[in-house]
Amino acid sequence: MTSVRPVSTDPSSKSDRIIAIDALRGFDMFWIIGGRELALALVSATSTSVPAWLDYQLEHVEWEGFTAWDLIMPLFLFVVGASMPFSFSKRLSKGVSKPQLYLKMLSRAAILFILGMMVQGHLLDFDSSTLHIYCNTLQSIAVGYLVSGIVMLNVGVAGQLLFTALMLVGFWLIMIFVPFDSHSAGVLQPNANVALAVDEYVLGRFRDGTTYTWLLSGMTFTATVLLGVQSGHVLRSSLPPVRRFVLLTSIGCLCLAGGWLWAAWLDFPIIKHIWTSSMVLWAAGWSFLLLALFYLLIDIAGAWRWAFPFVVIGMNAITLYVASFFVPFGDIAKGLVGGLARHLDRGGPVLIEFTAVLLIWLVAYHMYRHRIFVRV
């Protein structure tokens, strides 16, 4: 699982690598490993209460709708896709055969799936009564990555776009036009929809018991990753950098419009819990725009220093994600600075949350400095 390869500690050094992808991956992971709690602590320390709009944006919506916090998981899948054209072309250029690449994809998907069971599926309880087989972001990545990789190795860009469209339209047709159990077609309620019925039938007692769906939603997980793949194709193209930025921005706007129209005109709401087709396009739109912004600032304008902390996180994102479940960084932070924090009034929580994030980042920086990058 572990590979050590040389990398410059200066992101501005000449390389075929698009630093914006690593930075955006790290930016996304920053919020997962404690950025949200740090932001809320900072706001609470400087105002009497957290503004309602900010509180709303940093929470998941209960069912229909979309907030900034809802973008975290789709963006993770999108960035996985964005890096795939680079990693695949690199392996193929080194003489790796397609069968070898298939085996690598299968092993990576299996490892991601098992890690997902470990961090959220209670695999390490060794108790079948608490085991959840399919319930985690890493597992959605595993499915989206594997299917997207197979598609990439067998069809060109046009075929990939067609397959993405088929996944989105196919999921919509199933969710809207297929009746299930005692329900008529088109029911999209938290505890009554086709995707949930499939999970309950296949996973049974090993389902996680939430309103999130996984098996049928694998179609749209794949679409999210494949849309990320298209962004990678844009960044690998021979177009001038500014035209790549314009193209990423344009695609992002088109995806936002498509997601909104699908939700409004075809009555298929933006619902992250079941990963609706409209949600895929809406989240992809914001993901394209964020990637375009990072690419403009970092790779075109050369202003990379502000993003260096995110690059450090992004280079070992999955490692940090898993570590955040098993290592009590928050408790360690309280043990280190809790005494001082008690004397800082409203600044105390800020110090604790900052220390927790800093501890995780220092682990990442140590790995980065020593060129240790854990790959699965």
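See the structure above.
Residues numbered from 1 in each chain as written. Predicted model: local features only at pLDDT ≥ 70, side-chain atom pairs only at ≥ 80, totals over all residues. Heavy atoms only, no water.

1. Notes on the nonpolar core
So, step 1. In this structure, Ile21, Phe88, Leu138, Met175, Leu235, Phe268 and Leu291 are the most contacted members of the largest nonpolar core, which totals 107 residues.
So, step 2. Beyond its immediate chain neighbours, meaning those up to four positions away, Leu235 contacts Ile18, Ile21, Phe86, Arg244, Leu248, Leu291 and Tyr295. (Core = buried A, V, L, I, M, F, W, Y, C linked by side-chain atoms within 4.5 Å. Buried < 20%, exposed > 50% of the residue type's maximum accessible area, 1.4 Å probe, protein only. Contact = heavy atoms within 4.5 Å.)

2. Focus on helix H6 (residues 157–177)
So, step 1. The end-to-end C-alpha distance of H6 is 30 Å, a good match for the 30 Å that 21 residues give at a rise of 1.5 Å each.
So, step 2. Every buried residue of H6 is accounted for by Gln160, Thr164, Met167, Leu168, Gly170, Phe171, Trp172, Met175 and Ile176.
So, step 3. Buried positions along H6 lie against helix H5 (137–154), helix H7 (194–203), helix H8 (218–236), helix H9 (241–265) and helix H10 (277–300). (Helix = DSSP H or I, 4+ residues; strand = E, 2+ residues; numbered from the N terminus. Expected span 1.5 Å × (residues − 1).)

3. What about the pattern of salt bridges?
So, step 1. Tallying each qualifying case throughout the model produces five salt bridges.
So, step 2. The partner of Arg207 in a salt bridge is Asp208, and the shortest N-O contact between them spans 3.9 Å. Here the two residues Arg207 and Asp208 agree in accessibility, since each one is buried. (Salt bridge = Lys/Arg side-chain N within 4 Å of Asp/Glu carboxyl O.)

4. Details of the environment of Val311
So, step 1. Tracing the chain through its elements places Val311 in helix H11 (residues 308–314).
So, step 2. In this structure, the C-alpha to C-alpha distance between Val311 and Ala20, residues 291 residues apart in sequence, is 8.3 Å.
So, step 3. Residues within four places of Val311 in sequence aside, it is in contact with Ile19, Asp22, Ala23 and Tyr368.

5. As for the packing of H9 against H10
So, step 1. Between H9 and H10, the least distance of the axes is 7 Å, while the angle of their chain directions is 160°. In terms of orientation, H9 and H10 fall into the roughly antiparallel class. Of the two elements, H9 crosses H10, and the hand of that crossing is left-handed.
So, step 2. Partitioning the contact of H9 with H10 into residue classes produces 23 nonpolar, seven polar and one charged. (Axes fitted to C-alpha atoms, helices over the stretch in contact; angles between N-to-C directions. Parallel < 35°, antiparallel > 145°, perpendicular 65-115°, else oblique. Left-handed = near helix turned anticlockwise from the far one by under 90°. Nonpolar A, V, L, I, M, F, W, Y, C, P; charged D, E, K, R; others polar.)

6. Some details on the side chain of Arg207
So, step 1. By the secondary structure assignment, Arg207 is in the loop between H7 and H8.
So, step 2. Here Thr210 takes part through its backbone oxygen, which lies 2.7 Å from a polar atom of the side chain of Arg207. (Polar contact = N/O pair within 3.5 Å; in protein donor to acceptor, adjacent residues only side chain to side chain.)

7. Overview of the packing of helix H1 (residues 19–46) against H10
So, step 1. In contact at an axis separation of 9 Å, H1 and H10 are set at 125° when each is read in the N-to-C sense. One finds that H1 runs oblique with respect to H10. For the crossing formed where H1 meets H10, the hand is right-handed. Side by side, H1 and H10 meet where Ile19, Ala20, Ile21, Ala23, Leu24 and Phe27 of the first sit next to Ser287, Leu290, Leu291, Phe294, Tyr295, Ile298 and Asp299 of the second.

8. Side note on the packing of aromatic side chains
Note on aromatic pairs: each is described by the distance of the centres and the angle between the planes.
So, step 1. Using the criterion set out here, one finds 23 aromatic pairs in the structure.
So, step 2. A ring pair is formed by Phe30 and Phe310, whose centres lie 5.7 Å apart and whose planes are at 65°; its orientation type is edge-to-face. Separated by 280 residues along the polypeptide, Phe30 in helix H1 and Phe310 in helix H11 bring together distant segments of the chain. Accessibility classification places Phe30 together with Phe310 in one group, the buried group.
So, step 3. Their ring planes at 55° and their centres at 5.2 Å tell us that Phe113 and Tyr134 sit as a pair that is tilted. Residue Phe113 is found in helix H4 (residues 98–120), and its partner Tyr134 is found in the loop between H4 and H5; the two are separated by 21 residues along the sequence.
So, step 4. Owing to a relative accessible area of 23%, Phe113 belongs among the partly exposed residues under this scheme.
So, step 5. Each member of the aromatic cluster is reached from another via a ring pair, and the members are Phe27, Phe30, Trp31, Phe294, Trp306 and Phe310.
So, step 6. When the ring centre of Trp69 is taken as reference, the NZ or CZ atom of Arg36 above it lies at 5.4 Å.
So, step 7. The ring centre of Tyr145 lies 4.6 Å from the NZ or CZ of Arg108, which sits over that ring. (Phe/Tyr/Trp six-rings, centres within 6.5 Å; stacked < 30°, edge-to-face > 60°. Lys NZ or Arg CZ within 6 Å of the ring centre and 35° of its normal.)

9. Thoughts on unusual backbone geometry
So, step 1. Even without glycine at this site, Phe126 takes up a positive phi of about 50°.
So, step 2. Mapped onto the elements of the fold, Phe126 is located in the loop between H4 and H5.
So, step 3. By relative accessible area, Phe126 is classed as exposed at 75%.
So, step 4. A positive phi angle, close to 55°, is found at Asp345, a residue other than glycine.
So, step 5. Residue classification places Asp345 among the exposed positions, given a relative accessible area of 64%.

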